[in-house]
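Structural features, examined
Listed here are the chains, written in short residue letters.
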Amino acid sequence: LGLSAPLSTPHSSAPLPPRLPTPTPPSPFQAVQSTQRSNLAPLDVLLPEGDQVLLQVALKAADLGHSSMPLPIHQRWLSLLEEEMFRQGDLEKEKGMPLSLFADREKDGLSKSQAGFFRNVVRPLVQSLVAVLPGVTPMLEMLDDNLAHWVKAEAKVETEKNR
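Described in the following lines is the structure provided in the data block. Just so it is clear, the structure is predicted and the values come from calculations on it, not from any experiment. (Residues numbered from 1 in each chain as written. Predicted model: local features only at pLDDT ≥ 70, side-chain atom pairs only at ≥ 80, totals over all residues. Heavy atoms only, no water.)

The next subject is the overall build of the protein. When helices and strands are tallied, the protein shows six helices and two strands. For the protein, the succession of helices and strands along the chain, N to C, is β-β-α-α-α-α-α-α. For the protein, with 163 residues in total, the buried portion stands at 21%. Working note: accessible area of the protein is about 12000 Å², and carbon and sulfur atoms make up 60% of it. (Helix = DSSP H or I, 4+ residues; strand = E, 2+ residues; numbered from the N terminus. Buried < 20%, exposed > 50% of the residue type's maximum accessible area, 1.4 Å probe, protein only. Areas by Shrake-Rupley, 256 points an atom, 1.4 Å probe, with all protein chains shown as cover.)

Structure (structure tokens):
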């Protein structure tokens, strides 16, 4: 500021220390760059903790989003995922490695475990998202329709096994 004499307040005769320049807050780009150098996740700097968790849940729900699509689309995605897992298993078998879960073509694939996966993983995740973001309720409703399909398919398999 270029003041030569120390500042004082009207209530006190003690001089105040000279003012330091106010630092300019970093831009989001600078914040991301600094976190990359310090090995911190950018979310730790840019978002409060609760928002980070919400974003992580939303991203995971998006990753599982095919579960909330109309049944034919969901089934197509599932068949593609299942084939990807089987190809991985083929490579693992070729290299003499132990096979990953659901990667063995000789055993049940992903489609045989959907009811449990929906009940224990996908539905609770989407329910927690709906609790915070009620606008995603249609996602939960479609998921429940698909869950009903998988429960019915599972029951049919059980009935056929017991014959």
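Between side chains of opposite charge, a pair can form as their charged atoms come close. Applying the stated rule across the entire model yields eight salt bridges. Arg-105 is the partner of Glu-83 in a salt bridge, and the nearest nitrogen-oxygen pair spans 2.9 Å. Here Arg-105 lies in the loop between α4 (71-94) and α5 (114-132) and Glu-83 lies in helix α4, a separation of 22 residues in the sequence. Taking the relative accessible area as the measure of exposure, Glu-83 reaches 27% and is therefore partly exposed. The residue Glu-154 makes a salt bridge to Arg-119 at a minimum N-O spacing of 3.6 Å. Separated by 35 residues along the polypeptide, Glu-154 in helix α6 (residues 137-161) and Arg-119 in helix α5 bring together distant segments of the chain. Each of the salt bridges in this network shares a partner with another, and the network as a whole consists of Glu-83, Arg-87, Asp-90 and Arg-105. (Salt bridge = Lys/Arg side-chain N within 4 Å of Asp/Glu carboxyl O.)

A word on the side chain of His-66. With respect to the secondary-structure elements, His-66 resides in the loop between α3 (49-63) and α4. Side chain to side chain, His-66 and His-74 meet in a polar contact 3.0 Å long. The contact partners of His-66, leaving out residues within four places of it in the chain, are His-74, Trp-77, Leu-81 and Asn-146. (Polar contact = N/O pair within 3.5 Å; in protein donor to acceptor, adjacent residues only side chain to side chain. Contact = heavy atoms within 4.5 Å.)

Below, the discussion takes up the nonpolar core. With 16 residues, the main nonpolar core has Ala-61, Phe-118, Val-122, Val-126, Leu-143 and Trp-150 as its most contacted residues. Listed by contribution, the elements that provide at least two residues to this core are α5 and α6. A per-element tally of this core places α5 first, with seven residues. Non-local contacts of Phe-118, meaning those with residues more than four positions away in its chain, are made with Ser-67, His-74, Arg-123, Pro-124, Leu-143, Asn-146, Leu-147 and Trp-150. (Core = buried A, V, L, I, M, F, W, Y, C linked by side-chain atoms within 4.5 Å.)

The next point concerns a nonpolar patch on the surface. Side chains of Met-69, Ile-73, Trp-77 and Leu-80 sit close together on the surface and give an oily, nonpolar patch of about 360 Å² of accessible area. Tracing the backbone shows Trp-77 in helix α4. (Patch = residues over 30% accessible without salt bridge, like charges linked within 9 Å, V, L, I, M, F, W, Y side chains within 5 Å.)

A separate point is the side chain of Asp-104. One can find Asp-104 in the loop between α4 and α5. A relative accessible area of 15% means that Asp-104 is categorised as buried. A polar contact of 2.9 Å, which involves the side chain of Asp-104, links it to the backbone nitrogen of Glu-106. Those residues in contact with Asp-104, other than ones at most four positions away along the chain, are Phe-86, Lys-93 and Leu-99.

Packed helices, taken two at a time, are described by the angle their axes make and the gap between the axes. In the contact formed by α5 and α6, the axes pass within 10 Å of each other and the chain directions differ by 170°. Taken together, the axes of α5 and α6 lie roughly antiparallel to each other. Where α5 crosses over α6, the two elements pack in a sense that is left-handed. Taken together, the residues of α6 that come into contact with α5 (itself represented by Gln-114, Ala-115, Gly-116, Phe-118, Arg-119, Val-122, Arg-123, Val-126, Gln-127 and Val-130) are Thr-137, Met-139, Leu-140, Leu-143, Asp-144, Asn-146, Leu-147, Trp-150, Val-151 and Glu-154. Partitioning the contact of α5 with α6 into residue classes produces 11 nonpolar, five polar and four charged. (Axes fitted to C-alpha atoms, helices over the stretch in contact; angles between N-to-C directions. Parallel < 35°, antiparallel > 145°, perpendicular 65-115°, else oblique. Left-handed = near helix turned anticlockwise from the far one by under 90°. Nonpolar A, V, L, I, M, F, W, Y, C, P; charged D, E, K, R; others polar.)

On to the packing of α4 against α6, then. Look at α4 against α6: their axes get within 10 Å of each other, and the N-to-C directions meet at 65°. Taken as axis vectors, α4 and α6 run roughly perpendicular relative to one another. As for how α4 packs across α6, the hand of that crossing is right-handed. Across from Leu-71, His-74, Gln-75 and Leu-78 in α4, the residues of α6 making contact are Asn-146, His-149 and Trp-150. For the contact of α4 with α6, a count of residues per class yields three nonpolar, four polar and no charged.

Worth remembering: the numbers are spatial, not functional.
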